[in-house]
Amino acid sequence: MLRRRTFVQGSVAAAAVSTTIAPGEASSAPPVPGDGRQTGSSALRWPRFTAETRPWVRWWWLGSAVTGAGLTRNLLQLHQAGLGGVEVQPIYEAQGYEDRDLEYLSAPWVAALDHTTKQAARLGMQVDLTSGSGWTMGGPWITPEHSAGRALVARWQLTEGQRLEDPVRTEQPGHPGLVDEEKLSRPDLRPPMDPLPEPPLSALVAREATSGETVVLTDKVGTDGRLDWTAPPGSWQLTGVFAGLALKRVERAGPGGKGLMSDYTGGTGVRPHLDRLDAALGAGRRGLRASFHDSYELEATDWHRTFLADFERLRGYDVTPYLPDVFAEGDVDDTALRVMADVRQTFSELFVERFAKPWGRWSKGHGWLTRNQAHGSPANLLDVYAASDIPETEYTGAELVPIPGLRQGLGTAAPPVSLVWRMASSSAHLKGTTLVGAETITWRDEHYHVSLSQAKPAVDLLFSAGVNHVLFHGSAYSPDDVAWPGFSFYASTEVSPANTLWRDLPELNAYITRCQSILQDGEHGNDVLVYWPQADQWSRPKGGLAGEERELTPDYAWRGTPWMYGDPESPGAVVEPIEQRGWQLDWVSDTQLQEFSGRRGEVRNRHSRYAVVVVPRAELVPLDTMQRLHDLAAGGGTVVFVDRLPSDVPGYGDLASRRRRFRRLAEAMTARPVRGRTGWHRVGRGHVVVAAQGAALDAALESAGAVREPLADTGLRVLRRRHRQGWHYFVANVGAETVSGWQEIGVDARSVGLLDPLRNTRGRAEQRAAGRRTQVRLHLEPGQSVILRTFDRRRLAGPVADLAIPGGRTRAVDGPWELTFVEGGPELPAARRLDALVSWSELGPAEVAFSGTALYRTTLELDAADAKRDWLLDLGELCESARVRVNGVDVGTAWAIPYRVPLGGALRRGRNVLELEVTNLAANRCRALAQRGELELPHFMSWRSGKKPQDWDAMPSGVLGPVRLVESKG
C-alpha cells in the first residue's frame, strides 16, 4: 500500500516538472520603478542592472513542503518585487503539514530544486543553495566519529608511592536537549541517534605541584585503561585529555537534514558531508550560482582525535607536556598563554585547511561560486573570508542610528559595527573580486514591525563599509491554503507577500539596485591597508572575548564585542577614529600580508595597491609578519606603527630564536631616523613611521600619499570607488543633523555629477575650486544619501542637479480628508471623513485591527503664482509609506525619511486633487487576530520583544502629518 507521505512527495515531484512559466512570460527583469529608459547625459547613466545588482532574499522552505506550482508562483512574486535572486534554505517543518514535507536531498527534493533553477532562469533570476539544511554542515549521515569534537578533561591526584587505582577513562556527556523546533516536531520525524562511543584518551600528563616537573604518561596507559606508573616523590596532578564529542546538532534543520554537525577541523573535515551532497546532487551545476555557508555557530568545538599530530605539524613542537597549562583552571602564566595562542592559531589554520578550502574546491568542481559568512568562526576571519568567492557579513539592522523620526524598535544601544563588516569587503578587495554580501535586516524589529524606512539606513551603512550585494533575511515559502500571514521564519524581517511592506518594497529594491550598480562597478578606492593583529587576541586569556569562562577556541561573532568594539585594548579603538576621519581603509591578515610587496610609494599584491600599511598598536606580531613589514618598507612602501613598535612575538615554539630575530628587525626599522621628521625612519627605499594616534597619524598617512575624505568631518558616511574616468562616491547621512553647503572631496576632479538613487535624478553637481581642492554643493538631511561621479578630464554639460532643498514658502494641507480603506484585513473598516490627521489606532476597533492600505483624498486651491512654484510635498510623520497622486498623476512614493516627494509640474491653478495611498505595518492585524484566538502560526516562532502578539501595543498607522507644501529652492 502506498503511504500518504510517499504519495504526496511523488505528486510534488510531478508538479515540479510540469508547472512552468511559459517561454517569454515575465522572462526579463522587471523595470526599476521610475527608470524607464534612461535619459540625459550618457556620462551620468546608471551602470547596467543585472540579477546581481538587484537585492536577493533568503528563501526558507519550511519542511521543504513545496510544490511546483507554488514555487513558480512565489518566484514570480519575488521577481516582480525587484529581487534578483534567491538563496534556497531548507529549514524546520511546520506542524500539521508534515505529509507535504520533502526530505532534504531526496529525489523529489532535488526535483523541486531543479524546477526552481529552471523557473528562476526564465525570470532572469539566479539561485544559491545553502550547504546544508539549516546552518553548519551536517545531518543524519554524520556519525559521531565524523562529528565535531570537544576536549573532555579528567584530573587525579597522587602522592609519592601511590598508583592510580581507577582506569584512565571519562564519560561522554549525553546528547544535549532537543533544540526548540525539534521539540515541536513529530517524534517519528526525529532521526535516531547513534550510540555514543567511549571517548579515547589523547594524552595523560603528570605535573608535580612544587617543582613543575612534567611527565607524559600516555604510553603507560594500557588498552584496559590501567596506568602502569608509581608516583615519585612529590604531589602530582594527573591531567587526562580525551577526544570527546560536542554532539552539536545542525541548527534548525528540516526533515532529512537533522543530525550532528560535521567536524570542521579534524580528520576528514567536512568531506563526509560533501560526499553526501554529491550523492544527491550529482556532478553538474544544476543551474545554481553558488553554494552558501551560513555563520558558524559551534558551541566550543575545541578538540579532535588527531589534534596533537596536527599541532606538531603546524607549530613544530609537541604540545602534550603543556596540556595541564592549556586546560588549567583559574589564572594562567605567560607560558600557558603562549601555548594557548598556538593552539588557537592551529585551530584557525585547520578551519581553513579542512573546511573553507575543501568546500571551495568542491564547489568549483560543480561550477559554483562559494558565498561564506566567516563571522562566528574560531579563526582569523580575514583568512576564512579570503577562501570564498563572495565574502558575506551580517547586519540585523537594529543598532543605534540617530536619524530623527526613525523608529529604533527593538535594537541595541550600540552603534553599527562597520569595522567588522569591512573584514568581508577587505577580503574581496584584496582578492580583486567584485561581490561583497550582507545578510541584511536579519531581525530589525519584532515580527511584522519592520518598515521600509528602517531598512534604508541599514543598507546605507552597509554600502558605506564596502558591501554591494544585499540579501534580505528573508522570505518563507508558504502554501496557498495556509491562513494569513502564512509560514514565517522565527528570526526574520518577513520580506514576504503577506507582509504589508511588500506593497512598496519595489521602491526599496529599486534604490538598492541603483546603488549596487554603482558599487559593483569599477574598483575599490581604498588606499590605507590596516594590519589585523589577531595574535594579540589569541594571546589574551579569553581570546579577546568577554564572559567568565576561558574559551580555547574563541569564536568571533559579527557584533564585534569586545574583540573589535568596547575595549580600549582592541584594534577597533585605534582604527575607528581613522575610519571616522574619512581615511579609506581595508584590513589585512598575517597570511594576506605575505602576498604584498613594496614598491616606490606603494604596497601591492596582484589585485590591489595601497599607499600605506598601518599597524594599530599591536603588541605581539609574528616573526614572518614583522619580516614582511620590514620588506614592504625596504621595497619602497611606507609602514606606520601607531604609538609604538610591537614588543614581542606570539606563541611558544622556538621562542628564544624568534625573539632574537624579532629584535634585530625592530632595530633595523628604526636605525636610520629621517632628519627633521619626527617618528620617520628610512628603511631601504621606503619608510617606517611611528606616529601617535590623531594629528600625527593623519599627517603620516597624508605624507605617504593616502587621500582622506573631508566629507567625513561632517559626520557623513563616505565610500570611494574608482571607475574608468574618475571616481564614485557613495555618501550617506545617518546622523542627526543636516549637512548643507559647500563640501570638499579628496580627489581632484574636472567635473562632478550628482546622482540621487532614491529619486532617480541625475545632473551636474555645483562645484568650485577652493585652492587646489574641489568642493561640491550638497544638501543631505538625516536619512538621505547621494552618489557623486567625478571625472578626471571630461567636462559635463547639461542642467545642474536639483537638490530639492526645502526653503521659501510653505503651505499647510489641512484637509478635510476622505479616508477609504482599500486593501488588507482582517476586515476593511468603513470609509470616513477626517477633519484632522490622527492614527488609525485612534479611530475605533476596526481601524486599530487593520493592516493594509487606505486612500486619503483632499483638494486644495492654488492661485497662479503658487501653482508655478517648485513644491515639495512633506508628509511629516508617516506610518509607513505613501504613494502620491496629484490630479490623477503618480508623482512618487514616500517611504524613507524624510517623507517628502517633489511634485514637479503636477499642480495647477485652481482646484487640485491630492491622493495618498498609505500602507501601515502588518503588526496590528497580527495583534488583532491573536487577541481573537485566530492567529495560526503552525511552526516554531520566537518573539524578539518577549511578548506574544496578543500583548503587543497597537502601532501608529496612517498619515500623522503635518502635511505641507514646502517650496524647493533647488
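Definitions and cut-offs
- Residues numbered from 1 in each chain as written.
- Predicted model: local features only at pLDDT ≥ 70, side-chain atom pairs only at ≥ 80, totals over all residues.
- Heavy atoms only, no water.
- 1 Å grid on protein atoms, 1.4 Å probe; cavity = no way out; pocket = protein on both sides within 12 Å on 5 of 7 lines; lining within 4 Å.
- Points joined across faces, edges and corners; volume = space filled by probe spheres on them.
- Nonpolar A, V, L, I, M, F, W, Y, C, P; charged D, E, K, R; others polar.
- Buried < 20%, exposed > 50% of the residue type's maximum accessible area, 1.4 Å probe, protein only.
- Helix = DSSP H or I, 4+ residues; strand = E, 2+ residues; numbered from the N terminus.
- Pairing = 2+ DSSP bridges.
- Right-handed = clockwise from strand over helix to strand, strands pointing away.
- Axes fitted to C-alpha atoms, helices over the stretch in contact; angles between N-to-C directions.

A. Quick peek at empty space enclosed by the protein. Under the definition given, this model contains 8 cavities of 30 Å³ or more. By volume, the largest cavity amounts to about 70 Å³. Along the walls of the largest cavity sit 13 residues, with Ser 451, Thr 500, Leu 501, Glu 880 and Asn 920 positioned nearest its centre. Taken together, the residues of the lining of the largest cavity break down into 6 nonpolar, 6 polar and 1 charged.

B. Representation of the pairing of strand β21 (residues 612-615) in the model. Going residue by residue along β21, you find Val 612 and Val 614 tucked away on one face and Val 613 and Val 615 tucked away on the opposite face as well. Relative to β21, strand β16 (residues 528-531) is paired through 3 bridges, and the arrangement is parallel. Across the sheet, the residue bridging to Val 528 is Val 612, located in β21. One crossover worth recording links β21 to the parallel strand β22 (residues 638-642) by way of helix α16 (residues 623-634), and it is right-handed.

C. Examining the sheet that holds strand β41 (residues 900-902) more closely. If you walk across this open sheet you meet the 4 strands as β33-β44-β37-β41, and the pairing is antiparallel. Of all the strands in the sheet, the pair left with one neighbour each is β33 (806-812) and β41. If you compare each strand with its neighbour and ignore which way they point, the axes differ by 30° on average. Bridging between strand β37 (residues 871-874) and strand β44 (residues 964-968) involves 4 bridges; their strand directions are antiparallel. Note on β44: the bridge partner recorded for Trp 871 is Glu 967.

D. Seen up close, unusual backbone geometry. For the bond running from Trp 484 to Pro 485, omega is 10°, close enough to zero to count as cis. Within the secondary structure layout, Pro 485 lies in the loop between β14 (469-476) and α12 (505-519). Residue Thr 561 is joined to Pro 562 through a cis peptide bond whose omega torsion reads -5°. Locating Pro 562 in the fold gives a position in the loop between α13 (534-538) and α14 (571-580). Positive phi values are uncommon outside glycine, yet Arg 252 reaches one of about 60°. According to the relative accessible area criterion, Arg 252 is buried, its value standing at 10%. For Arg 617, which is not glycine, the phi dihedral falls at a positive 55°. Looking at where Arg 617 falls in the secondary structure, it is placed in the loop between β21 and α16. We classify Arg 617 as partly exposed; its relative accessible area is 23%.

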